[in-house]
Amino acid sequence: MINTVIFDIGNVLMKFDFFSIMEKVFPDRKIVDVVADAYFVSGNWNKLDLGIAGDEEFLASVIAYAPDYEKELRLAFDHVHETLIKEDFAIPWVRGLKERGYRVLFLSNYSTTIMEKGPEVLGFLPLMDGGVFSCDVHLCKPDPAIYKALKEKYRLDFSECVFLDDTLPNLEEANRQGLRTIHVKNHGQAEADLERLLQEEGIEAK
């Protein structure tokens, strides 16, 4: 029986659209690619999600990765919160699950920087029963320890939970931890897959 729904946040309850936003800031696609490499391919973004680097330390790291593009890297950081876009379906989705008696949690790789720069996209959080942000526990998915941190914090039986995420390695580790999983490709598909599972194994089917 499933009684708990666990959500990833980016591209599940909100849209993360780095390239489209950066293409508006930088018409030259080459610069967008340089910024993306310095932010993500370098591993620097992971330091933000882990909560082990502040804004200035992050900027110093990305500038060291691409020193000829310091101006562009700093400008991109001024706009980075715009890459997270609020989805109108998020609050009704969470509220609907809560009204049906499900516990609703989150498990997300997320940085304090982004929380502070764009709090409005997290409007669904007050409706949820809690969760774990990577920056708070200094662990990132798919590290097995972050799943265990959530499990221990809320005394979960993972056989009674379903986890929704858009990233396959995160789901593969969740399966190893005993969670049922749904690969989120788009909202319509994810909501339909979740509803199908809850109809088969959720508390309403008891």
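Here goes a summary of the coordinates provided. (Residues numbered from 1 in each chain as written. Predicted model: local features only at pLDDT ≥ 70, side-chain atom pairs only at ≥ 80, totals over all residues. Heavy atoms only, no water.)

The subject of this paragraph is unusual backbone geometry. Note on backbone geometry: most residues besides glycine have negative phi, and most peptide bonds are trans. For the bond from Lys141 to Pro142, the omega torsion is 10 degrees, close enough to zero to count as cis. For His138, which is not glycine, the phi dihedral falls at a positive 60 degrees. Examined against the element boundaries, His138 turns out to sit in the loop between helix H8 (134–137) and helix H9 (144–154). By relative accessible area, which is 45% here, His138 ends up partly exposed. The phi dihedral of Arg155 is positive, around 50 degrees, even though this residue is not glycine. Along the chain, the position of Arg155 falls in the loop between H9 and strand S6 (161–165). (Helix = DSSP H or I, 4+ residues; strand = E, 2+ residues; numbered from the N terminus. Buried < 20%, exposed > 50% of the residue type's maximum accessible area, 1.4 Å probe, protein only.)

The next thing to look at is the environment of Val32. If you trace the backbone, Val32 turns up in helix H2 (residues 29–41). The class of Val32 is buried, set by a relative accessible area of 0%. Expressed as a C-alpha distance, the spacing of Val32 and Leu73, which sit 41 residues apart in the sequence, is 9.5 Å. For Val32, the residues in contact, after removing those within four places along its chain, are Phe19, Met22, Glu23 and Phe26. (Contact = heavy atoms within 4.5 Å.)

Turning our eyes to something else, we now look at the side chain of Thr4. By the element assignment, Thr4 lies in strand S1 (residues 4–7). Assessed through its relative accessible area of 2%, Thr4 is described here as buried. Ignoring sequence-local partners within four residues, the contact set of Thr4 consists of Tyr102, Arg103, Leu105, Leu156, Glu160, Cys161 and Val162.

With that settled, consider the packing of helix H1 (residues 18–25) against helix H5 (residues 70–79). The geometry of H1 relative to H5 is characterised by a closest axis approach of 11 Å and an angle of 120 degrees between their N-to-C directions. The angle between H1 and H5 places the two elements in the oblique class. The element H1 and its partner H5 pack so that their crossing is right-handed. In contact with Ile21, Met22 and Val25 of H1, H5 contributes Leu75, Ala76 and His79. Residue classes in the contact of H1 with H5 are distributed as 5 nonpolar, 1 polar and no charged. (Axes fitted to C-alpha atoms, helices over the stretch in contact; angles between N-to-C directions. Parallel < 35°, antiparallel > 145°, perpendicular 65-115°, else oblique. Left-handed = near helix turned anticlockwise from the far one by under 90°. Nonpolar A, V, L, I, M, F, W, Y, C, P; charged D, E, K, R; others polar.)

What follows is about the nonpolar core. One recurring pattern in soluble globular proteins is that nonpolar side chains are buried together. By size, the foremost hydrophobic cluster in this structure holds 53 residues, and its most contacted members are Phe7, Tyr39 and Leu164. Considering every element that reaches this core, the biggest residue donor is H2, with 7 residues. The residues contacting Phe7, other than those within four sequence positions of it, are Val12, Leu13, Trp93, Val94, Leu97, Val104, Leu105, Phe106, Leu107, Met128, Phe163 and Leu164. (Core = buried A, V, L, I, M, F, W, Y, C linked by side-chain atoms within 4.5 Å.)

This brings us to the layout of surface pockets. Each pocket or cavity is described by its volume, and for the largest pocket that value is around 550 Å³. In this structure, the largest pocket is lined by 22 residues; those nearest its centre are Gly10, Phe16, Trp45, Asp49 and Asn109. Taken together, the elements giving at least two residues each to the lining of the largest pocket come down to helix H3 (44–50) and helix H10 (168–176). No other element matches the 3 residues that H3 contributes to the lining of the largest pocket. Residues of the lining of the largest pocket, tallied by class, amount to 9 nonpolar, 8 polar and 5 charged. (1 Å grid on protein atoms, 1.4 Å probe; cavity = no way out; pocket = protein on both sides within 12 Å on 5 of 7 lines; lining within 4 Å. Points joined across faces, edges and corners; volume = space filled by probe spheres on them.)

For the rest of this paragraph, the subject is the pattern of salt bridges. Applying the stated criterion across every chain, the model contains 11 salt bridges. Residue Asp165 is joined to Lys141 by a salt bridge in which the shortest nitrogen-to-oxygen separation is 2.8 Å. In this pair, Asp165 is assigned in strand S6 and Lys141 in the loop between H8 and H9, connecting sequence segments 24 residues apart. Classification of Asp165 as buried rests on a relative accessible area of 0%. A salt bridge links Asp193 to Arg196; the nearest nitrogen and oxygen atoms lie 2.8 Å apart. Separated by 3 residues within a single helix, Asp193 and Arg196 lie in helix H11 (residues 187–201), roughly one turn from each other. Residue Asp193 is classed as partly exposed on the basis of its relative accessible area, which comes to 26%. For Arg196, a relative accessible area of 46% puts it in the partly exposed group. Beyond isolated ion pairs, a larger network of salt bridges with shared partners links Asp8, Lys141 and Asp165. (Salt bridge = Lys/Arg side-chain N within 4 Å of Asp/Glu carboxyl O.)

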